[in-house]
Amino acid sequence: MSNNCGKEGDGEGGGIDRHKHETIELDIKDLATAPKTVSPTSQQLVKLEHIPERGSWSSKLDFILSVVGLAIGLGNVWRFPYLCYKNGGGAFLLPYFLTLFLAGIPMFFMELALGQMLTIGGLGVFKIAPIFKGIGYAAAVMSCWMNVYYIVILAWAVFYFFMSMRADVPWRTCNNWWNTVNCVNQYERNSLHCWDKLINGTTGKVCSVAAANISASELTDPVKEFWQRRALQISSGIEEIGNIRWELAGTLLLVWILCYFCIWKGVKWTGKVVYFTALFPYVLLTVLLIRGITLPGAIEGIKFYVIPNFSKLSQSEVWIDAVTQIFFSYGLGLGTLVALGSYNKFTNNVYKDALIVCTVNSSTSMFAGFVIFSVIGFMAHEQQRPVAEVAASGPGLAFLVYPSAVLQLPGSPMWSCLFFFMLLLIGLDSQFCTMEGFITAIIDEWPQLLRKRKEIFIAVVCMLSYLVGLTCITQGGMYIFQILDSYAVSGFCLLWLIFFECVSISWCYGVDRFYDGIKDMIGYYPMVWWKFCWCVTTPAICVGVFFFNIVQWTPIKYLDYSYPWWAHAFGWFTALSSMLYIPAYMFWLWKRTPGDLCEKIRAIVRIDEDITQLREKMQREAYAKEVEFNSL
C-alpha cells in the first residue's frame, strides 16, 4: 500500500537502529509524548510499585514444544486422515501442500514473528496498524467460543477413559440398561436370520432379533447406543435441552482444573507441562500404529488412505477442505501464536522455529492417518464391509469407530484407555495454549489491573467458561456443540480474520518494513517467497475460499435431525459476534480520529514508525501507564 500522505524522505526500510542508543531524561508528566527512549531516574523507580514482568520462555525447547502442542490437536487425528480418504487419498496431498506453502506456513511465520517483534499479545500487536485492532477483539471472542466447546470433547474422552477401566468395555454387549431391542453387535450380524420382504411397495431386508422381526435399516449396535443413550443420553432435538449429564459435568470440571493448573503460573510453568503433553502422545501413537499394522485387513485400510484418486481434484470441495484443514490445524487467526511468540527473546530465530513446527505438524497428521486407517481396515475386515462404509471423521471416529474396533482386540480395555488418554493429551495442550493466547491478549491490554491478579483472573475465566460449557453436556448438548462448531468457530470466521490480519501487515504497515523488523530480530532477510505469499496468494486464497463457502453453504444437520430456524439464527449470531468487530472498530476509530484524510491514514492506517521506533513508543506508553496507575 503506497502512502502519498507520508513525510518527505520517509522510507519503508530505513532507520531501524537510528534511535536505539539515544536516551533523554524527562519529567514524568512528559513520558507519554516523549519522542525518544525513556530512561526513568532511580528516584522515580523507587517511588513506583512496578507491575510484574510478563515472563518469558525458560528455553527455546519450551517454546517449540508449546507451539507443537497447540498446532497438533484433535484435527490431526480425527479429521486429516478422513479428508485424505474422502478427497482422493494421496491426491489430496497436492492441494494440501499447495495451500500449506501458499498460505499456511506464511501466516504461521507471520503470527509468530509479529508476537516476538512487538513482545505483546493479540490485541496490542495492532499498534502496527491501529485501524485493524478489531482483529484482536474478534480473535479474542472466537477464542472464547472455542474454549467453551472444544474442551467438551476432552470431557467425553475422559468419560470413555474411566468407563474403560474395568474387566471389559461396557459397549461390547446389548445386555445393558441403556440398550434397546434393536441392538445387535456389528460383528454378529452375519449370523442373523434375515429375508427380503415387501414393505410399503419396496423390497427391504427384515431380520429376526430376540423373537421379533425388525427391519435391517432399524438395527443399531452397542457402540452407537452407548454413545447416544449412555454417554450423551441425547434428546430428540435442540428444542429439548433436558437435564445436565452430571457424570460429564464432573469430567468437564476435571479437565478445566487440569487446564487451569497448566497455565496458572505463566509460560515458565506451561513450558514444562508441554514436555509431557506434547511428547507422550507420540509414544501412544507409535504403540497404536505397531498394534494396528499387525492386524488382519490393516493393509487394505492403509491403501484406502494413500492410493491417489486424481479425478477428485476437479471438485472445488477438495480445495476448500485443504484450506480449512490447514488454517484450523495450525491454530491460525486466534491470536494464540502471537501470544506464544511474544514470550520469546527479541533475537530468537523465529523463522527457523516456524519451519520446524510446520514440518512436525504436517508429518504428525500423515503419521496419525496410518494409525487410524490400519484400525479401520481391520474393522472393515472383521465386519466384512467395505472400508468406505466404516471410515468416519470427527466425534464419529473417536467415539464410534475406534471403540468398535477395540472390541476385537485382546485386552480391549487397555487399548481403549490408551486411545482416549492420547486424545486427552493431544486436545489438552491445544486447549490450554488457546487459553494462554486469550489470557495474554487481555492482560497485556490492561496490565495495571490484571497482571498482579493473573492467577485469579485465569480462575475466573475458567469458571465462567465451565458454566457456559455446561450447556453442551445437557441431554440436548450435542446439538449446541454442533452449532458452535459449525458457526462460532467456522471456516467463515477464520478466513475473515486471517484475510484482514494478512492485509493489515503486508499492505497497510508495509511488507518491506515488516521484513526489516524480521531482519532486526534474526540477523538476515528470509527469502522473498514469503513477501509474495503475504501480499498475493494468502489474501487471494482467503477471499476465494470464503466466497466458495458462501455459495456452497447448506444448513447443518445432526444425522437426520434438521435444526429449527432460530437455532441457525443463534449460530449466525455467534459467528457475527466475532466477525463484525473488525468493520465496527474500523468505523469507530476512523470517526473519532481527528484530522483530514492524510492525517488519519498516517495515524491509524499506515503509521510512520518502523519496528524499532514502534517498540520504543510502546515501552514509553507502558511506562507512562504504570506511572499513572501508581499515582492514583
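In case you missed it, the structure is sitting above this.
This write-up is about the structure you can find in this document.

How each quantity is defined
Residue positions within a chain follow its written sequence, with the count starting from 1. pLDDT decides what is reported in this predicted model: residues at 70 or higher carry local features, side-chain atom pairs at 80 or more are listed and counted, and totals for whole chains, interfaces and linings draw on all residues regardless. Note that water and hydrogens are dropped before the side-chain values are worked out from all heavy atoms of the structure. For helices the rule is a DSSP run of H or I covering at least 4 residues; for strands it is a run of E covering at least 2, with both sets numbered from the N terminus onward. Buried residues are those whose accessible area, probed at 1.4 Å on protein chains only, stays under 20% of the maximum for their type, while exposed residues exceed 50% and partly exposed ones sit between those limits. Contacts are assigned to residue pairs with any non-hydrogen atoms lying within 4.5 Å of each other. Residue exposure ignores everything except the shown protein chains as possible cover, and the areas themselves are Shrake-Rupley values with a 1.4 Å probe. Residue count minus one, scaled by 1.5 Å, sets the expected span of a helix. Two rings from Phe, Tyr or Trp (for Trp, the six-membered ring) form a pair when their centres are within 6.5 Å of each other. A pair whose planes differ by under 30 degrees is stacked, one over 60 is edge-to-face, and the rest are tilted. Two conditions define a charge located above a ring, namely a distance within 6 Å from the ring centre to NZ of Lys or CZ of Arg, and an angle within 35 degrees of the ring normal. A patch consists of residues exposed above 30% relative accessible area that lack any salt bridge, with like charges linked at up to 9 Å and nonpolar side chains (Val, Leu, Ile, Met, Phe, Trp, Tyr) linked at up to 5 Å. We define a salt bridge as a side-chain nitrogen of Lys or Arg found within 4 Å of a carboxyl oxygen belonging to Asp or Glu. For helices, the fitted line uses only the C-alpha atoms of the stretch in contact; every axis is such a line through C-alpha atoms, and the angle between N-to-C directions lies from 0 to 180 degrees. Put plainly, a pocket is an open set of points on a 1 Å grid over the protein atoms alone with protein on both sides within 12 Å along at least five of seven lines, a cavity is a set where a 1.4 Å probe fits but cannot get out, and a lining residue has an atom within 4 Å of a point. Grid points are joined across faces, edges and corners, and a volume is the space filled by probe spheres set on the points. Polarity classes work like this: nonpolar for Ala, Val, Leu, Ile, Met, Phe, Trp, Tyr, Cys and Pro, charged for Asp, Glu, Lys and Arg, and polar for all others, with Gly in that last group. In what follows, a disulfide is any cysteine sulfur pair within 2.5 Å. An angle below 35 degrees is treated as roughly parallel, one above 145 as roughly antiparallel, one from 65 to 115 as roughly perpendicular, and anything else as oblique. Each crossing gets its handedness from the near helix: less than a right angle anticlockwise from the far helix is left-handed, clockwise is right-handed. As used in this record, nonpolar core signifies buried Ala, Val, Leu, Ile, Met, Phe, Trp, Tyr and Cys residues forming a set joined through side-chain atoms within 4.5 Å. Two N or O atoms count as a polar contact when they lie within 3.5 Å, although within protein this holds only if one can serve as hydrogen donor and the other as acceptor, and sequence-adjacent residues are included solely when both atoms are side-chain atoms.

### Details of the overall build of the protein chain
Okay, so step 1: Regarding its fold elements, the protein chain presents 26 helices and seven strands.
Okay, so step 2: Relative to its full complement of 632 residues, the protein chain shows a buried share of 58%.
Okay, so step 3: Within the protein chain, counting contacts between residues at least 6 apart in sequence, those at least 24 apart form 82% of the total.
Okay, so step 4: Carbon and sulfur atoms form 63% of the exposed surface of the protein chain, whose accessible area is close to 26100 Å².

### Notes on helix 12 (residues 316-329)
Okay, so step 1: For helix 12, with 14 residues, the first-to-last C-alpha span of 20 Å sits near the 20 Å given by 1.5 Å per residue.
Okay, so step 2: Of all 14 residues in helix 12, ten are buried, a share of seventy percent or more.
Okay, so step 3: For helix 12, the complete set of buried residues consists of Val-318, Ile-320, Asp-321, Ala-322, Val-323, Thr-324, Gln-325, Ile-326, Phe-327 and Ser-329.
Okay, so step 4: Following helix 12 by one or two positions, Gly-331 adopts a phi angle in the positive range, close to 70°.

### Regarding the packing of aromatic side chains
Okay, so step 1: This model, assessed by the stated rule, comprises 60 aromatic pairs.
Okay, so step 2: Between the aromatic rings of Tyr-305 and Phe-370, the centroid separation amounts to 5.3 Å while the plane-to-plane angle is 90°, which identifies the pairing as edge-to-face. Of this pair, Tyr-305 sits in helix 11 (residues 298-306) while Phe-370 sits in helix 14 (residues 350-383), placing them 65 residues apart in sequence.
Okay, so step 3: With a centroid separation of 5.3 Å and an interplanar angle of 70°, the aromatic rings of Tyr-561 and Tyr-563 are classed as edge-to-face. Considered together, Tyr-561 and Tyr-563 belong to a single accessibility category, that of buried residues.
Okay, so step 4: Positioned over the ring face of Trp-264 is Lys-265, at 4.5 Å from the centre of the ring.
Okay, so step 5: The ring of Tyr-509 carries Arg-513 above its face, with NZ or CZ at 4.1 Å from the centroid.

### Observations regarding a nonpolar patch on the surface
Okay, so step 1: On the surface, Phe-101, Met-527, Trp-529, Phe-532 and Val-536 cluster together into a nonpolar patch covering about 470 Å² of accessible area.
Okay, so step 2: Per-element accounting of the nonpolar patch gives the leading share, three residues, to helix 22 (residues 529-551).
Okay, so step 3: Structurally, the position occupied by Val-536 is in helix 22.
Okay, so step 4: We classify Val-536 as partly exposed; its relative accessible area is 41%.

### Topic: the packing of helix 6 (residues 134-163) against helix 23 (residues 565-579)
Okay, so step 1: Two elements in contact, helix 6 and helix 23, have axes whose closest approach is 7 Å; the angle formed by their N-to-C orientations is 145°. Contacts between helix 6 and helix 23 involve Ala-138, Val-141, Met-142 and Trp-145 from the first element and Thr-574, Ser-577 and Ser-578 from the second.

### A look at empty space enclosed by the protein
Over the atoms rolls a probe the size of a water molecule, and in doing so it shows where empty space is left.
Okay, so step 1: Following the criterion strictly, the structure yields five cavities of 30 Å³ or more and no others.
Okay, so step 2: Taken as a whole, the largest cavity encloses approximately 80 Å³ of empty space.
Okay, so step 3: If you go around the largest cavity, you meet 13 residues; those closest to its centre are Phe-126, Ile-135, Ala-139, Gly-335 and Glu-501.
Okay, so step 4: By residue number, the principal contributor to the lining of the largest cavity is helix 6, which donates three residues.
Okay, so step 5: Broken down by class, the residue content of the lining of the largest cavity amounts to seven nonpolar, four polar and two charged.
Okay, so step 6: If you go around the second largest cavity, the residues you meet are Val-68, Gly-69, Ile-72, Thr-277, Ala-278, Pro-281, Tyr-282, Leu-285, Thr-364, Ile-426 and Asp-429.
Okay, so step 7: Every element with two or more residues in the lining of the second largest cavity is listed here: helix 2 (60-71), helix 10 (280-293) and helix 17 (412-445).
Okay, so step 8: Element by element, the count of residues in the lining of the second largest cavity is highest for helix 10, at three residues.
Okay, so step 9: Residue composition of the lining of the second largest cavity, grouped by class: seven nonpolar, three polar and one charged.

### Concerning the state of the cysteines
Okay, so step 1: All told, the structure shown has two disulfides when counted by the stated rule.
Okay, so step 2: Note that Cys-174 is cross-linked by a disulfide to Cys-183, the S-S spacing being 2.0 Å. Here Cys-174 and Cys-183 share a disulfide; its torsion about the S-S bond, -65°, makes the bridge left-handed.
Okay, so step 3: In this structure Cys-174 comes out as partly exposed when scored by relative accessible area, which is 23%.
Okay, so step 4: Across a sulfur-sulfur distance of 2.0 Å, Cys-194 and Cys-207 are joined as a disulfide pair. Judged by the sign of its S-S torsion, about 105°, the bond between Cys-194 and Cys-207 is right-handed. A residue pair is termed long-range when its members are at least 10 positions apart, and Cys-194 in strand 3 (residues 194-199) and Cys-207 in strand 4 (residues 202-209) qualify at 13 residues.
Okay, so step 5: Overall, Cys-207 belongs to the buried group, its relative accessible area being 2%.
Okay, so step 6: Free cysteine Cys-533: the closest other cysteine sulfur is in Cys-502, separated by 9.0 Å.

### Details of the environment of Leu-154
Okay, so step 1: Here Leu-154 shows up in helix 6.
Okay, so step 2: In the structure, Leu-154 is positioned 266 residues away from Phe-420 in sequence and 8.8 Å away in space, judged by C-alpha atoms.
Okay, so step 3: Contacts of Leu-154, omitting those with residues within four sequence positions, involve Leu-74, Val-255, Leu-423, Leu-424, Gly-427, Leu-428 and Gln-431.

### Description of helix 14
Okay, so step 1: Look at helix 14: 49 Å from first C-alpha to last across 34 residues, which is about the 50 Å you get at 1.5 Å a residue.
Okay, so step 2: In the segment just after helix 14, Gln-384 is the residue with positive phi, at about 55°.

### Topic: the packing of helix 6 against helix 21 (residues 491-522)
A packed helix pair is summarised by two numbers, namely the angle formed by the two axes and the spacing between the axes.
Okay, so step 1: Viewed as axis vectors pointing N to C, helix 6 and helix 21 meet at an angle of 150°, and their least axial separation amounts to 10 Å. Between helix 6 and helix 21, the interaxial angle falls into the category roughly antiparallel. Two packed elements cross with a definite hand, and for helix 6 against helix 21 that hand is left-handed. Touching Ile-135, Ala-138, Ala-139 and Met-142 of helix 6 are Cys-493, Leu-494, Leu-497, Phe-500, Glu-501 and Ser-504, all from helix 21.
Okay, so step 2: Its residues assigned to classes, the contact of helix 6 with helix 21 shows eight nonpolar, one polar and one charged.

### Considerations on the nonpolar core
Okay, so step 1: Core analysis: the biggest nonpolar cluster contains 207 residues, and Phe-108, Ile-128, Trp-156, Phe-327, Phe-514, Ile-518 and Trp-534 have the highest contact counts within it.
Okay, so step 2: Setting aside residues no more than four positions away along its own chain, Phe-108 makes contact with Val-67, Tyr-330, Leu-332, Leu-337, Ala-354, Val-357 and Cys-358.
Okay, so step 3: Counting residues in each nonpolar core, the second largest holds five residues, with Cys-207, Val-209, Ile-214 and Leu-219 among its members.

### Description of the pattern of salt bridges
Okay, so step 1: The final tally for this structure, using the stated rule, is 15 salt bridges.
Okay, so step 2: In this structure, Lys-303 and Glu-300 form a salt bridge, with 3.7 Å as the shortest nitrogen-oxygen distance. Of this pair, Lys-303 and Glu-300 both sit in helix 11, three residues apart, which is roughly one turn of that helix.
Okay, so step 3: Each of Lys-86, Glu-317 and Asp-321 takes part in a single network of salt bridges with overlapping partners.

### Overview of the side chain of Gln-482
Okay, so step 1: Locating Gln-482 in the fold gives a position in helix 20 (residues 477-488).
Okay, so step 2: You can call Gln-482 buried: its relative accessible area is 17%.
Okay, so step 3: Here Lys-557 takes part through its backbone oxygen, which lies 3.0 Å from a polar atom of the side chain of Gln-482.
Okay, so step 4: Discounting residues that sit within four places of it in the chain, Gln-482 has contacts with Ile-556, Lys-557, Tyr-558 and Tyr-563.

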